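# Observations on the three-dimensional arrangement
For reference, the chains in residue letters:
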Amino acid sequence: MEHIRTTKVEQVKLLDRFSTSNKSLTGTLYLTATHLLFIDSHQKETWILHHHIALVEKLALTTSGCPLVIQCKNFRTVHFIVPRERDCHDIYNSLLQLSKQAKYEDLYAFSYNPKQNDSERLRGWQLVDLAEEYKRMGVPNSNWQLSDANRDYKICETYPRELYVPRIASKPIIVGSSKFRSKGRFPVLSYYHQNKEAAICRCSQPLSGFSARCLEDEHLLQAISKANPANRYMYVMDTRPRHRMQSWWATQKDIGRIILNAMANRAAGKGYENEDNYSNIRFQFVGIENIHVMRSSLQKLLEVNGTKGLSVSDFYSGLENAGWLRHIKAVMDAAIFLAKAIMVENASVLVHCSDGWDRTSQVCSLGSLLLDPYYRTIRGFMVLIEKDWISFGHKYSERCGHLDGDPKEVSPVFTQFLECVWHLTEQFPQAFEFNEAFLLQIHEHIHSCQFGNFIGNCQKEREELKLKEKTYSLWPFLLDDQEKYFNPLYSSTSQKLAVLEPNTVSFNFKFWRNMYHQFDRTLHPRQSVFNIIMNMNEQNKQLQKDVKDLESQIKQHKNKQTDGVLTKELLNSVRPESPALRTSLCLKEQTLELPVNDALRTVEGSSPADNRYSEYADEFSKAEPAVVSSEYGVARMTC
Amino acid sequence: MEFAELIKTPRVDNVVLHRPFYPAVEGTLCLTGHHLILSSRQDNTEELWLLHSNIDAIDKRFVGPLGTIIIKCKDFRIIQLDIPGMEECLNIASSIEALSTLDSITLMYPFFYRPMFEVIEDGWHSFLPEQEFELYSSATSEWRLSYVNKEFAVCPSYPPIVIVPKAIDDEALRKVATFRHGGRFPVLSYYHKKNGMVIMRSGQPLTGTNGRRCKEDEKLINATLRAGKRGYIIDTRPLNVAQQARAKGGGFEQEAHYPQWRRIHKSIERYHILQESLIKLVEACNDQTHNMDRWLSRLEASNWLTHIKEILTTACLAAQCLDREGASILIHGTEGTDSTLQVTSLAQIILEPRSRTIRGFEALIEREWLQAGHPFQQRCAQSAYCNSKQKWESPVFLLFLDSVWQILRQFPCSFEFNENLLIMLFEHAYASQFGTFLGNNESERCKLKLQQKTMSLWSWVNQPSELSKFTNPLFEANNLVIWPSVAPQSLQLWEGIFLRWNRSSKYLDEAYEEMVNIIEYNKELQAKVNILRRQLAELETEDGMQESP
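Definitions and cut-offs
Residues numbered from 1 in each chain as written. Chains lettered and ligands numbered in written order. Predicted model: local features only at pLDDT ≥ 70, side-chain atom pairs only at ≥ 80, totals over all residues. Heavy atoms only, no water. UniProt positions renumbered as here; feature names shortened; annotations may be inferred. Helix = DSSP H or I, 4+ residues; strand = E, 2+ residues; numbered from the N terminus. Phe/Tyr/Trp six-rings, centres within 6.5 Å; stacked < 30°, edge-to-face > 60°. Buried < 20%, exposed > 50% of the residue type's maximum accessible area, 1.4 Å probe, protein only. Lys NZ or Arg CZ within 6 Å of the ring centre and 35° of its normal. Core = buried A, V, L, I, M, F, W, Y, C linked by side-chain atoms within 4.5 Å. Contact = heavy atoms within 4.5 Å. Patch = residues over 30% accessible without salt bridge, like charges linked within 9 Å, V, L, I, M, F, W, Y side chains within 5 Å. Areas by Shrake-Rupley, 256 points an atom, 1.4 Å probe, with all protein chains shown as cover. Salt bridge = Lys/Arg side-chain N within 4 Å of Asp/Glu carboxyl O.

The name given to chain B in an unreviewed UniProt entry is Myotubularin-related protein 9, with Delphinapterus leucas as the source organism. Within the UniProt record for chain B, the comment given under Sequence similarities (unreviewed entry) is "Belongs to the protein-tyrosine phosphatase family. Non-receptor class myotubularin subfamily."

Where an unreviewed UniProt entry is consulted, chain A appears under the name Myotubularin-related protein 6 isoform X2, with the organism given as Delphinapterus leucas. Taken directly from UniProt, the Sequence similarities (unreviewed entry) text for chain A runs: "Belongs to the protein-tyrosine phosphatase family. Non-receptor class myotubularin subfamily."

### Quick notes on the UniProt feature "coiled-coil region" (unreviewed entry) in chain B
According to UniProt, the positions carrying the feature "coiled-coil region" (unreviewed entry) are residues 508-542 of chain B. Summarising residues 508-542 of chain B: 100% helix, 0% strand, and an end-to-end C-alpha distance of 51 Å.

### Some points on the packing of aromatic side chains
All names here are of chain A. Inspection of every chain in the model, using the stated rule, returns 56 aromatic pairs over all chains. Centre to centre, the rings of Trp512 and Tyr516 are 6.4 Å apart; their planes meet at 85°, and the pair counts as edge-to-face. Neither residue differs from the other here; Trp512 and Tyr516 are each classed as buried. Grouping aromatic residues by their ring pairs yields a cluster made of Phe381, Trp389, Tyr396, Phe414, Phe417, Phe432, Phe434, Phe438, Phe454, Trp475 and Tyr485. One residue, Arg136, lies across the ring of Tyr375, its end atom 5.3 Å from the ring centre.

### With respect to the nonpolar core
Within the largest apolar cluster, 255 residues are counted, with the highest numbers of intra-cluster contacts made by Phe381 and Ile385 of chain A together with Phe185, Phe361, Leu425 and Phe498 of chain B. Tallying contributions element by element places helix α10 (residues 324-343) of chain A first for this core, with 13 residues. Residue contacts for Phe185 of chain B: discarding those within four places in its chain leaves Val148, Val154, Tyr158, Val162, Val164, Leu173, Val176, Ala177, Arg180, Arg201 and Ser202 of chain B. Counting 27 residues, the second-largest nonpolar core is a separate cluster that includes Val12, Val25, Leu31 and Leu107 of chain B.

### A look at a nonpolar patch on the surface
There is a patch of nonpolar side chains on the surface, built from Phe62, Met86 and Leu90 of chain B and spanning about 250 Å² of accessible area. Owing to a relative accessible area of 33%, Phe62 of chain B belongs among the partly exposed residues under this scheme.

### Details of the pattern of salt bridges
Overall, the coordinates contain 56 salt bridges over all chains when judged by the stated rule. Among the salt bridges present, the one from Lys58 of chain A reaches Glu85 of chain A, with a minimum N-O distance of 3.9 Å. Placement of Lys58 of chain A in strand β5 (residues 53-58) and of Glu85 of chain A in helix α1 (residues 85-99) is noted, with a sequence separation of 27 residues between them. On the basis of relative accessible area, Lys58 of chain A is assigned to the partly exposed category, the value being 27%. Of the charged contacts in the structure, one is a salt bridge between Glu253 of chain B and Arg180 of chain B, with a shortest N-O distance of 2.8 Å. On the criterion of sequence distance, the pair formed by Glu253 of chain B in the loop between α6 (239-245) and β13 (261-265) and Arg180 of chain B in the loop between α4 (170-179) and β10 (187-192) is long-range, its members being 73 residues apart. Sharing partners across several salt bridges, the network here consists of Asp358, Lys395, Glu398, Arg399 and Glu409 of chain A.

If you want it as structure tokens, here you go:
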């Protein structure tokens, strides 16, 4: 690669991020076309994908060398000391280039080759089939149909080709409505609740700034409410905070756009759709902040938890100031409102924010997850992400900063969604088929650009990039590894958990250490109950098999024996069993004990005790002095 | 009997009990000398039995003829009783108030409690100092048991038997006692078998403003060091507090007089600061209406986790001195009955695998808290809701239990006991039918004749049927030193205590049960596979025999 000037630097130090005594590991740094690799003197490898790099900083030269700090999108932070400044400079420049690609074609996915043939790759892409998913939900049906209006992306570029709309909504109505909605994102079906016959629909904000009303849009909303036979009232959820809407209206007025006075007054407090024009709708604001607020919130959070020698007070006031958990709670509350509207009131809900691809995706997907246990399975969760996020045009490439672009478009919207799901798994440990590792792995890959799923900003763009021909889908790879992602406590049978009703009292929201400190292992519990139970569950499956095998073998032997009883009796009568023989039998039985256990162990891989041990024996050798010695350093100074 | 005078209305019908996460129960309220009982007289609804001594504070309210009593318990539970009739309500309230604040210890429930279980092992004799010493005496001959405090004359807050350096005779101990706060001369707290280093604890030296010295004290402390070795004195107070203590006759060891020792000051809070921290924390946890910012700021303002971090850090430091630096340590604060014990006992949890077993942990509580003279009676007289703020009330023991819980969470497989044991100890330290936590020290317990007149908590806990509740199904003996992380990101609010009554733990409990099932099933399958393998092996040898002849 033309960007790489130095491929290998020796005697590089990797500093412990939280050690106040500047503990470090020495090793060699390698720069490859796709990764930065550090191999320490214990041969432990640290791989950093270039696409994961969010920020590279070269700090002021010190006596020991030139510090290079790399912050990653998966929340890994590494602090190297490179002995010679020139090397540091080279690596710094290379990483700047490599971590920010200008063209999609330069992303890792286009060169990643997992050695699959074309048909395997195609099968991988077909794994999640959204048409199947809508069928599973129960559409098309007498009230909902597949619309071909957007077949050629003519009405809305950022929507998928296949959209489900109320049967009574004609094409002119759809077209008319789309003209009234920002980016043409008119109201369409996101989730259909078969039992309640109620729907979650999504769209973008109405452009009521230009024209006071749009009859087609009013018609379309009416069609949605009519498609619900149980409740003709429907909710329109504006996920934006009310105060921001008010200021929006103020600016609209300032620039002198045509707004009918009456409308402006009414809408100033209410939002967009004018309730007078739409029959049978109820407004609900839920107050999720915009992408810019979320970006700076995460930034603040990371600043706090990256502090060396952080005090408890600073940690909690930092958490408070960052506002991160407040935002998470807001998203969760919105999803709960949505789920309740459907479960309790049988009402359909139309969700929108501004463009309908960030907050709207969060609320629709999380609401569906609360309502439908299918989305809480490994496969179902993939489908949910494909449906509400990928197909409906969540701008992954912009939000994750895949290409060198506008940093103001970057925002952790999807990360927030994953965190909400994690909070649900904490409150309902048995309701999810997947575990935390699954969420972390997905988070890893929205940024990795190793697979094609999250590249691009909408389906149209993905088709143009020919991702299905040139890249691989993430999902089959996750499924291949699914043992790693199973929740051992999952109970698919528990019917009472069909709909999740989480409690969002503030104390239920905790800092997600395993996400934001994923790579800071010194901060984690030294033994993981979860891993042990997971291994035990696996072991149990094997043991069950063993029991079956053994029983059938024993049965075979017994059958053989009854056949042989006659011969045996004959033999005995001929030559009675000698006492010597009997003792030898006993001895034999005793010596048999050991191989029996050994056999078991080789079958399992290792005993649970072994698993438990290796897990933190590793921790002990490295992590343990760091933790205490940092404190010890402090203590010494106060002597 | 005296109680009858205090109970103005022993029984009221049609009382409604409200508890969070339970449907309201209507029933008959009865007051006895030690209990408040609410019984619905229906099958399959549980009765409420509440010890009066568990009641921390009560509030009453009236709406017309309906009175409401809100009972706030020392275990942080809050319940509400709706009582028809103003007079009844007032009577009940004043009776509860009187019964929950009895002055005399001998009127407390443990003196009246008759166990409904058969005592297999008398807990009063489960952890005798002589037996505990035997564990050490096999490893070292440098220490001896001293009976110098047999009559509690040398140190009123020490037990009759203590472990001291062999080289120091009782006469010297008496002299050292006059130089240490409360007569608490340095005694052995823990002997680290791995390298022979020790933890000692004491009260502060009474150096005063003129720098008083005590040759015997210096000799005693030095006697514990091997030739050429250094030791550390960990003073749990910050330096300025220790300096101020000199004005009141206390002080700290001058390094010039203890040349082989290095002094380290830490700052573990005590007394009302901790009590206020607890009050703030419980208030914050009880208010469910907080928005996120308010909750986080109140959690922070309580400082509870700051105290936890400080205590754990000091304990880690002590453990590190022993295990990593190979140095002995002496720990004290002012009296040596609070922060000192938090540190010595937590250091042992970190260092000593035995103290992570159920029996070992009980022995640790007995040795480092009860025998060592932590004034339970004073510290645990009231809890988070009480208005009478006495200087000596302080959740020192609860902070210790919380710190153990933090380590347990980080090493969930290294403890033989589970969270329930810690919660149970918290409850019994504040209100109990057992005599174990009565009194402030061994001397008081002797005078009260607790051994003869009350039942020991350990007699009850150590029954197999009870033990199973406290046993950690994941336990796998771990002989290593366990170093917890003390970073704020690694410390958590102890939900089992502080959110216990504020949230439904149904799904968490079910998940825990499922986990236990998986573990049990695993054991069962392993046993089955072993049996089948043996069977098969037998059959195979039989076959072999049939064929071989």
